[in-house]
Amino acid sequence: MPHWSRHSRRLPSSGRPREWDTKLIFAHYEGNRLTVSGWRQRLQKNYAPKLGLKRLSPYDLRHDAALYFLRNGMNPFALQAIMGHSNLETTKHYIALVEADIREAQEKASPVKRLIGKNKRVR
């Protein structure tokens, strides 16, 4: 069983007063549907400071999730479907960021760099 499914079964009842008659997972403190702007405000006011961030938005979470999936081997076409992108061009933005991670890691660990030093150019 994936680790997330153990927790997701508990999620709807977590932190919710028993008198709420709703099946909503994301609810306002009064039990009403949590709006996008309400979620954005909650992230910025409550969670960003706890994480030491100046800014945190739903878009930031979506962006980070996409990068996480790609960095951990997700097929770009599957990510395109999950993200709801109509074409791969939009998803390529995330792929380019992951390729930059690979280049950075390669440069950092390169044996050639160790042999010639940081500031020398090979001709």
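Small disclaimer: the values here were computed from a predicted structure and weren't measured.

Summing up its helical and strand segments, the protein chain has six helices and zero strands in all. Secondary structure elements of the protein chain occur, N-terminal to C-terminal, as α-α-α-α-α-α. Considering the protein chain as a whole, with its 123 residues, one finds that 21% of them fall into the buried category. Considering only intrachain contacts with a sequence separation of at least 6, the fraction spanning at least 24 residues in the protein chain is 18%.

A few words on helix H4 (residues 76–83). At 3.6 residues per turn, the α-helix brings residues three or four places apart onto the same side. Listed in full, the buried residues belonging to H4 are Leu-79, Gln-80 and Met-83. Buried positions in H4, seen along its axis, are confined to an arc of 105° and lie on one side of it. Away from its buried face by more than 90 degrees, H4 exposes Phe-77, Ala-81 and Ile-82. In this structure, the buried side of H4 is in contact with helix H3 (58–71) and helix H5 (88–109). Immediately downstream of H4, the backbone of Gly-84 shows phi near 80°, a positive value.

Buried together is how nonpolar side chains tend to be arranged in soluble globular proteins. Grouped together as the largest cluster of nonpolar side chains are eight residues: Ala-66, Leu-67, Leu-70, Leu-79, Met-83, Tyr-94, Ile-95 and Val-98. Mapped onto this core, the elements with two or more residues apiece are H3, H4 and H5.

Attention now moves to H5. When the terminal C-alpha atoms of H5 are compared, their 31 Å separation across 22 residues agrees well with the 32 Å that a helix rising 1.5 Å per residue should span. Within H5, the axis deviates most sharply at Tyr-94, by approximately 25°. Along H5, the positions that sit buried rather than exposed are Thr-91, Tyr-94, Ile-95 and Val-98. Lining the buried residues of H5 we find H3 and H4. Measuring from the side-chain oxygen of the N-cap residue of H5 to the backbone nitrogen of Glu-89 gives 3.0 Å; that N-cap residue is Asn-87.

Calculation criteria
Residues numbered from 1 in each chain as written. Predicted model: local features only at pLDDT ≥ 70, side-chain atom pairs only at ≥ 80, totals over all residues. Heavy atoms only, no water. Helix = DSSP H or I, 4+ residues; strand = E, 2+ residues; numbered from the N terminus. Buried < 20%, exposed > 50% of the residue type's maximum accessible area, 1.4 Å probe, protein only. Contact = heavy atoms within 4.5 Å. Arc of directions from axis to C-beta. Core = buried A, V, L, I, M, F, W, Y, C linked by side-chain atoms within 4.5 Å. Expected span 1.5 Å × (residues − 1). Bend = angle between axes of the 7 residues up to and from the residue. Polar contact = N/O pair within 3.5 Å; in protein donor to acceptor, adjacent residues only side chain to side chain.

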